[in-house]
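Analysis of the macromolecular model
In case you want the letters, here they are:
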Amino acid sequence: MSYQNFLKAMELAPKCKFYTTAGGKTEEEIKRAEQMLNVTFSTQGREFYEKYGYLSFYGNEIFGIEPDDNSGILEGNSVACALHDREKYNLPSEWIPIYNFEDGNMAYLDYSTLNSEKEPRVMMAFYNGAEYEVVENLAEDLGDFILQLVQEQLEV
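Reading guide: rules and limits
- Residues numbered from 1 in each chain as written.
- Predicted model: local features only at pLDDT ≥ 70, side-chain atom pairs only at ≥ 80, totals over all residues.
- Heavy atoms only, no water.
- Helix = DSSP H or I, 4+ residues; strand = E, 2+ residues; numbered from the N terminus.
- Rg over C-alpha atoms; globule rule 2.2 N^0.38 Å.
- Buried < 20%, exposed > 50% of the residue type's maximum accessible area, 1.4 Å probe, protein only.
- Contact = heavy atoms within 4.5 Å.
- Areas by Shrake-Rupley, 256 points an atom, 1.4 Å probe, with all protein chains shown as cover.
- Lys, Arg positive; Asp, Glu negative; His and termini not counted.
- Charge placed at Lys NZ, Arg CZ, Asp CG, Glu CD.
- Phe/Tyr/Trp six-rings, centres within 6.5 Å; stacked < 30°, edge-to-face > 60°.
- Axes fitted to C-alpha atoms, helices over the stretch in contact; angles between N-to-C directions.
- Parallel < 35°, antiparallel > 145°, perpendicular 65-115°, else oblique.
- Left-handed = near helix turned anticlockwise from the far one by under 90°.
- Nonpolar A, V, L, I, M, F, W, Y, C, P; charged D, E, K, R; others polar.
- Salt bridge = Lys/Arg side-chain N within 4 Å of Asp/Glu carboxyl O.
- Polar contact = N/O pair within 3.5 Å; in protein donor to acceptor, adjacent residues only side chain to side chain.
- Pairing = 2+ DSSP bridges.
- Arc of directions from axis to C-beta.

Let us look at the overall build of the chain. For the chain, the count of helices and strands is 5 helices and 7 strands. On C-alpha atoms alone, the chain measures out to a radius of gyration of 14 Å, which is about the 15 Å that the 2.2 N^0.38 rule sets for 156 residues. Seen through its principal axes, the chain has C-alpha atoms that stretch 40 × 35 × 30 Å. The buried share of the chain, taken over its 156 residues, is 49%. A fraction of 53% describes how many contacts in the chain between residues 6 or more apart in sequence connect residues 24 or more apart. Accessible surface, the chain as shown: approximately 7,900 Å² in total, 47% of it carbon and sulfur. Across the chain, the 12 positively charged side chains and the 28 negatively charged ones have centroids separated by 5 Å.

Another point: the packing of aromatic side chains. Inspection of every chain in the model, using the stated rule, returns 12 aromatic pairs. Note on Phe41 and Tyr49: the rings are 4.9 Å apart at their centroids and 55 degrees apart in plane angle, and the pair reads as tilted. With respect to burial, Phe41 and Tyr49 carry one shared label: buried. Judged by centre distance (4.8 Å) and plane angle (65 degrees), the rings of Tyr99 and Phe101 are edge-to-face. Grouping aromatic residues by their ring pairs yields a cluster made of Tyr89, Trp95, Tyr108, Tyr127 and Tyr132.

This paragraph deals with the packing of helix H2 (residues 27-37) against helix H3 (residues 43-51). Contact geometry of H2 with H3 gives a least axis separation of 10 Å together with a crossing angle of 135 degrees. For the element pair H2 / H3, the angle class is oblique. Judged by the sense of rotation from one axis to the other, the crossing of H2 with H3 is right-handed. For the pair formed by H2 and H3, the contact residues are Glu27, Ile30 and Glu34 on the first element and Arg46, Tyr49 and Glu50 on the second. Its residues assigned to classes, the contact of H2 with H3 comprises 2 nonpolar, no polar and 4 charged.

Once that is clear, we can look at the side chain of Asp85. Residue position: Asp85 is located in helix H4 (residues 78-89). Although buried, Asp85 forms no salt bridge, and the nearest oppositely charged side chain, Lys88, lies 8.1 Å from it. In terms of polar contacts, Asp85 uses its side chain to reach the side chain of His84, at 2.8 Å.

Our focus in this paragraph is the sheet that holds strand S2 (residues 55-57). Spatially, the 3 strands line up as an open sheet ordered S1-S2-S3, and their pairing is antiparallel. Of all the strands in the sheet, the pair left with one neighbour each is strand S1 (20-21) and strand S3 (60-62). Note: S1 against S2, 2 bridges, orientation antiparallel. Residue pairing across strands places Thr21 opposite Leu55, the latter belonging to S2.

Every buried residue belonging to H2 is among Glu29, Ile30, Ala33, Glu34 and Leu37, and all of these are buried. Projected down its long axis, H2 carries its buried residues within an arc of 135 degrees, all on one side. Turned more than 90 degrees away from the buried face of H2 sit Glu28 and Gln35, all of them exposed. Here the buried face of H2 lies against H3, H4 and strand S4 (95-100). At the exit of H2 stands Asn38, carrying a positive phi of roughly 60 degrees.

Interhelical geometry of H2 versus H4 gives an angle of 10 degrees and a closest axis separation of 10 Å. Judged on the interaxial angle alone, H4 and H2 are roughly parallel. Counted together, Ala33, Met36 and Leu37 of H2 and Ser78, Val79, Ala82, Leu83 and Arg86 of H4 form the full contact between these two elements.

Here's what the structure looks like:
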């Protein structure tokens with residue numbers, strides 16, 4: 001079910017306005033990102049990075065990984081954003097930022113909570129000045145999250 005939703009989301013995404021991907025990442029880049037984040041990416045996460053690298057469409061941006069980017073730009077790069085926020089705000093090491101709601105809330109892949117397919121849930125949280133607060137669970141996994149965003153866009 002979940003993996004099917006990932007495939008469906010990635011099949012429908014090109015129909016969205018302003019669809020853009022960055023192209024896939026190499027195995028070396030993926031492994032380097034995993035080492036830097038101290039996380040082993042799930043099947044959906046790995047496939048997303050291998051095939052697409054990053055995804056953007058009409059007001060939505062699913063972060064990619066750029067383990068070799070030293071520009072200091074955090075937006076759009078799960079590696080830079082996670083490492084920065086771990087150091088500065090004590091972001092839990094199991095949380096990987098993937099989406100910015102632009103209102104102080106972020107969506108994270110939560111590797112501390114895996115479903116039966118070993119996929120991390122996607123949840124929304126924000127930093128309240130002292131710690132991170134979970135706002136809500138957004139989706140069972142990455143595929144469900146992307147599919148929700150794509151379907152919302154295509155309904156407009």
